[in-house]
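Coordinates in review
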Amino acid sequence: MTSARGEVLVLDDAAQVARAGAERFVVAAARACANHGRCSVALAGGSTPKAMHALLASQPLVDRIEWPCLDVLFGDERCVPPDHADSNYRMAHESLIERVSIDESHVYRIEGEREPAEAAQRYRTKLAEVLGSSADPPRIDLVFLGMGEDGHTASLFPGTPVLAERTRWAAPVYVPRLDSWRVTLTAPILSAAGEVVVMLAGAGKAEALQRALEGEDGAVPIQLVKPPPDRMIWIVDRAAASRLRL
Ligand code: 6PG
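Now for a description of the structure that goes with this document. (Residues numbered from 1 in each chain as written. Predicted model: local features only at pLDDT ≥ 70, side-chain atom pairs only at ≥ 80, totals over all residues. Heavy atoms only, no water.)

Considering the packing of aromatic side chains
What describes a pair of aromatic rings is the distance from one ring centre to the other and the angle between the planes of the rings. Our working definition: Centres within 6.5 Å are what make two rings of Phe, Tyr or Trp a pair, Trp counting through its six-membered ring; a difference in plane orientation under 30 degrees is then read as stacked, over 60 as edge-to-face, and the rest as tilted. Only DSSP runs of H or I reaching four residues or more are called helices, and only runs of E reaching two or more are called strands; each is numbered from the N terminus.
Applying the stated rule across the entire model yields 4 aromatic pairs. With centroids separated by 5.6 Å and ring planes inclined at 20°, the aromatic side chains of Phe-25 and Phe-144 adopt a geometry described as stacked. Of this pair, Phe-25 sits in helix 1 (residues 14-36) while Phe-144 is found in strand 6 (residues 142-145), placing the two residues 119 residues apart along the sequence. Geometrically, the ring pair formed by Phe-74 and Tyr-89 is edge-to-face, given 6.0 Å between the ring centres and 65° between the ring planes. Separated by 15 residues along the polypeptide, Phe-74 in strand 4 (residues 70-74) and Tyr-89 in helix 3 (residues 88-95) bring together distant segments of the chain.

A word on the packing of helix 1 against helix 2 (residues 47-56)
The geometry of a pair of packed helices is captured by two quantities: the angle between their axes and the separation between those axes. Cut-off, in case you're wondering: In this analysis an axis means a line fitted to C-alpha atoms, helices contributing only their contacting stretch, and an angle means the value between N-to-C directions, from 0 to 180 degrees. Any angle that is under 35 degrees is reported as roughly parallel, and any over 145 degrees as roughly antiparallel; angles of 65 to 115 degrees are reported as roughly perpendicular and all others as oblique. Each crossing gets its handedness from the near helix: less than a right angle anticlockwise from the far helix is left-handed, clockwise is right-handed. Here a residue-residue contact requires only that any non-hydrogen atoms of the pair lie within 4.5 Å. Only Asp, Glu, Lys and Arg are considered charged, only Ala, Val, Leu, Ile, Met, Phe, Trp, Tyr, Cys and Pro nonpolar, and every remaining residue, Gly among them, polar.
Closest axis-to-axis distance for the helix 1/helix 2 pair is 8 Å, and the angle between their directions is 55°. Relative to helix 2, the element helix 1 is oriented oblique. The handedness of the crossing between helix 1 and helix 2 is right-handed. Counting all contacts with helix 1, which are made through Val-17, Ala-18, Arg-19, Gly-21, Ala-22, Phe-25 and Val-26, the residues of helix 2 involved are Thr-48, Ala-51, Met-52, Leu-55 and Leu-56. The residue inventory of the contact of helix 1 with helix 2, partitioned by class, reads 9 nonpolar, 2 polar and 1 charged.

Comments concerning the layout of surface pockets
Basically, it comes down to this: In this analysis, the protein atoms alone were mapped onto a 1 Å grid. Cavities are point sets where a 1.4 Å probe fits without being able to get out; pockets are open sets with protein on both sides within 12 Å along at least five of seven lines; lining residues have an atom within 4 Å of a point. Grid points are joined across faces, edges and corners, and a volume is the space filled by probe spheres set on the points.
Considering only enclosed or pocket space, the largest pocket measures out at about 290 Å³ in volume. As for the largest pocket, its lining consists of 21 residues, and the residues nearest its centre are Gly-45, Gly-46, Gly-146, Met-147 and His-152. Listing elements by their share of the lining of the largest pocket, those giving two or more residues are helix 2, strand 5 (76-78) and strand 6. No other element matches helix 2, which puts 3 residues into the lining of the largest pocket.

Things to note about the packing of helix 2 against helix 3
Running from amino to carboxyl end, helix 2 crosses helix 3 at an angle of 25°, the nearest separation of the two axes being 9 Å. When the axis of helix 2 is compared with that of helix 3, the two are roughly parallel. As helix 2 packs across helix 3, the resulting crossing turns out to be right-handed. Mapping the contact onto sequence places Pro-49, Lys-50, His-53 and Ala-54 in helix 2 and Met-91, Ala-92 and Ser-95 in helix 3. For the contact of helix 2 with helix 3, the residue count by class is 4 nonpolar, 2 polar and 1 charged.

A few points about the environment of Pro-49
Selection criterion: We call a residue buried when its accessible area falls under 20% of the maximum for its residue type, exposed when it is over 50%, and partly exposed in between, using a 1.4 Å probe and counting protein chains only.
Residue placement: Pro-49 occurs in helix 2. Overall, the relative accessible area of 9% leaves Pro-49 in the buried class. Residue contacts for Pro-49: discarding those within four places in its chain leaves Ala-44 and Met-91.

In structure tokens:
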């Protein structure tokens, strides 16, 4: 179905969500590599992407991707060292990067071990280098996002000042609920992406998904990610979609 906020694909379960996300990855990467020789992709943290990574790193999909053509970015990072169990980089590395032929020089992690404002500033510089700074914000070809039960995405958490960010492409954010710092890409650069793929599963996400798709503007932070509807797809399972008026 199509909504004002993008296409919505409802599948049976989390495994199918991961599979559909992986298919989307393959198609979008092939298109970007054919069109302009490289594909920048921002990965998400959390549990759902992990299953997608496993599919991408194994047959038959692994052979359908021109891995050396990819530039790997991150939508957000927890402020921990890269070998920490909470590190999104570590998760992506173990589930995907070290298992495929991506050169480390094409992996651009957020340096969660640094002071948050400094890590964000350094990532802004990195984004300009990788994506080219002629457009403001620059375009990431493909952005994967998850969504929390409170409607956060990347590390755009409800009630945090980073939601109002309009000029910086990456910013530090203190999340009181978690009593921890994170660094996140901001709504303007996420909204400028060539394609945004939101993947989520489980009944715990049903209320937030309903608010995201059917609520007033401002109901949940993920609504701030607002590319034109034909550039955004929500891949969700039945349990998460259970409150939608489909
Ligand atoms: C992170 C994320 C975050 C995540 C959601 C959903 O680093 O935690 O990028 O935005 O995608 O919290 O996570 P789950 O898929 O694990 O529910």
